[in-house]
Amino acid sequence: MKSLKTLGQFIIEKQTDFPYAKGELSRLLRDIGIAAKIVNREVNKAGLVDILGTVGDTNVFGENQKKLDVYADEQFIAALKDGGECCFVASEEQEEGVELTDTGISKNAKYIVCIDPLDGSSNIEVNVSVGTIFSIYRRISQVGEALTQQDLLQTGLRQVAAGYIIYGSSTMLVYTTGKGVNGFTLDPSIGEFCLSHPNMKIPQQGHIYSVNEGNYLKFPQGIKNYIKYCQEEDVATHRPYTSRYIGSMVADIHRNLLLGGVFIYPQTALQPKGKLRLMYECNPIAFIIEQAGGKATTGTERILEIEPEELHQRVPAILGSTDMVNKVLEFLEKS
Ligand code: AHG
Ligand code: MN
Ligand code: MN
Ligand code: MN
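From a predicted model like this one, the values you see are computed outputs, not experimental measurements.

Asks: For this particular structure, what's the right way to read the pairing of strand β9 (residues 181-187)?
Replies: Every regular strand shows the same layout, with side chains that alternate between the two sheet faces. Within β9, 5 of the 7 residues are buried, which leaves it mostly tucked inside the rest of the structure. As paired strands, strand β8 (residues 171-176) and β9 are joined by 5 bridges and run antiparallel to one another. Residue pairing across strands places Y175 opposite N182, the latter belonging to β9. As defined by bridge partners, β9 adjoins strand β10 (residues 192-197) across 5 bridges and the pair is classed as antiparallel. From the neighbouring strand, L186 faces β10, where its bridge partner is F193.

This is the structure in structure tokens:
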């Protein structure tokens with residue numbers, strides 16, 4: 001019987017990776033884990049309580065905010081505020097972000113969290129896996145000084161940690177601090193995330209491609225050509241590949257991380273920058289994918305190297321198994 005290792009024990013054990021850390025990042029990850037368990041409880045009974053449907057409001061993207069979007073946003077912000085390790089939260093559901101330094105214990109906090117509190121909202125009502133995505137930076141300005149744009153708009157390479165929670169057939173928390181990727185499964189009987197997927201690595205090559213083919217006619221020609229390549233018969237390269245698209249980025253990415261695959265959300269005529277947001281979807285997922293041995297690009301540049309210009313900016317995304325991402329780039333270059 002494998003010895004059980006909880007997220008808390010793992011974080012403390014790995015604290016030696018950060019000799020100068022005084023436990024703040026560990027406590028911050030613990031705070032995120034607590035909020036994840038609370039959101040998980042509501043996701044699991046979403047059909048039974050008044051948490052389905054929309055709140056009748058829209059977010060900065062004009063998306064109808066679902067009750068669970070807002071609930072999850074509130075829970076993560078509250079947990080980060082109470083934990084005292086976070087000075088600012090940038091959230092998909094908050095136009096300007098939320099400064100926490102005015103609340104007692106957070107005024108000396110040195111971490112900034114970017115979060116997609118509920119990823120895959122369109123899937124809530126139909127009981128399909130949804131998730132949460134988070135990204136953690138260290139503030140650049142000194143504690144006590146006013147936060148600056150430089151604090152809030154750091155490249156993905158400067159993330160100190162990133163991860164996601166997937167509320168699926170089981171609830172998992174997967175994260176990295178730059179020393180590999182580890183996955184924890186929630187054991188509801190003890191209310192703890194337990195290490196279940198140590199040192200996760202994405203296969204170099206896979207046979208799954210994930211893209212919303214409903215947008216096919218609006219895709220760049222290179223993406224169209226790659227999709228056709230995936231559908232051609234070729235025994236040697238296990239084609240045709242399998243098409244799997246859930247519509248929750250976390251769920252599509254998690255499957256591809258385990259089995260190998262490529263996830264593509266390209267720019268289209270209607271969305272010239274693509275749909276996915278850099279700070280709280282593409283950067284954290286790119287960090288995880290690269291730490292697991294995969295590749296994450298917009299098609300023209302490495303996602304983690306993008307200099308952000310604004311909190312909610314969108315970027316095209318091609319993420320996953322290195323050989324598959326390189327093949328997409330080949331088709332883009334040839335087109
Ligand atoms: P969110 O629910 O946080 O707004 O994110 C939805 C995103 C992402 O989860 C998913 O991959 C993508 O939207 C699906 O978009 P389409 O429905 O346009 O394919
Ligand atoms: Mn949304
Ligand atoms: Mn999302
Ligand atoms: Mn969301």
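Asks: It is not clear to me how the coordination of the manganese ion (ligand 4) should be interpreted in this structure. Could you clarify?
Replies: Between any two of four tetrahedral donors, the ideal angle at the metal is 109.5 degrees; between two of six octahedral donors, it is 90 or 180 degrees. For the manganese ion (ligand 4), the protein coordination sphere consists of E92 (OE), D116 (OD) and L118 (O), at 2.0 to 2.3 Å. Within one chain, the residues serving as donors to the manganese ion (ligand 4) are arranged as E-x23-D-x1-L. Separating the manganese ion (ligand 4) from the manganese ion (ligand 2) is a gap of 3.6 Å, which E92 spans by donating to each of them. Here E92 is found in the loop between β3 (86-91) and β4 (98-99), whereas its partner L118 is found in strand β5 (residues 111-119), with 26 residues between them in sequence. Under the relative-accessibility criterion, E92 is labelled buried at 4%.

Asks: Help me out: how do you make sense of the site of ligand 1 in this one?
Replies: Taken together, 18 residues surround ligand 1, and among them D119, G120, Y245, M249 and Y265 come closest. Between ligand 1 and the protein, one listed contact pairs an oxygen atom with a backbone N or O atom of S121 at 2.9 Å. A distance of 3.3 Å separates an oxygen atom of ligand 1 from a polar side-chain atom of E281. Of all the elements in the fold, those that place two or more residues in the shell around ligand 1 are β5 and β13 (262-265). Take the shell around ligand 1: its biggest share by element is 3 residues, from β5.

Asks: What is the right way to look at the packing of aromatic side chains in this model?
Replies: In this description, a pair of aromatic rings is defined by centroid distance and the angle of the planes. According to the stated counting rule, one finds 8 aromatic pairs in the structure shown. Both rings, one in F10 and one in Y175, keep their centres 6.4 Å apart while their planes meet at 90 degrees; by these two values the pair is edge-to-face. Here the residue F10 occupies a position in helix α1 (residues 7-14), and Y175 occupies one in strand β8, the gap between them amounting to 165 residues. Judged by relative accessible area, Y175 falls into the buried class, the value being 5%.

About the criteria used
- Counting restarts for each chain, with residues numbered from 1 along the sequence as it is written.
- Labels are handed out in written order, letters beginning with A for the chains and numbers beginning with 1 for the ligands.
- Only residues with pLDDT of 70 or above have their local features reported here, since the model is predicted, and side-chain atom pairs are shown and tallied only from 80 upward, although totals for entire chains, interfaces and linings are computed over all residues.
- Computation of side-chain values covers all heavy atoms of the structure but excludes hydrogens and water.
- Only protein chains enter the calculation, and the probe is 1.4 Å; a residue is then buried if its accessible area is under 20% of its type maximum, exposed if over 50%, and partly exposed in between.
- In this text, helices come from DSSP runs of H or I with a minimum length of four residues, and strands from runs of E with a minimum of two, each type numbered from the N-terminal end.
- Pairing between two strands is assigned when DSSP locates at least 2 bridges connecting them.
- Only nitrogen, oxygen and sulfur atoms count as donors, using a 2.8 Å cut-off from the metal that widens to 3.2 Å for Na, K and Ca. Water is left out, so coordination shells may look unfilled.
- The cutoff for a nearby residue is simple: one of its non-hydrogen atoms must lie within 4 Å of the molecule or strand.
- Definition of a polar contact: a pair of N or O atoms within 3.5 Å, with one able to donate and the other able to accept a hydrogen when the atoms are protein atoms, and with sequence-neighbouring residues admitted only if both atoms are side-chain atoms.
- Aromatic rings from Phe, Tyr and Trp, taking only the six-membered ring of Trp, are treated as a pair when their centres fall within 6.5 Å; an angle between ring planes under 30 degrees marks them as stacked, one over 60 as edge-to-face, and anything in between as tilted.

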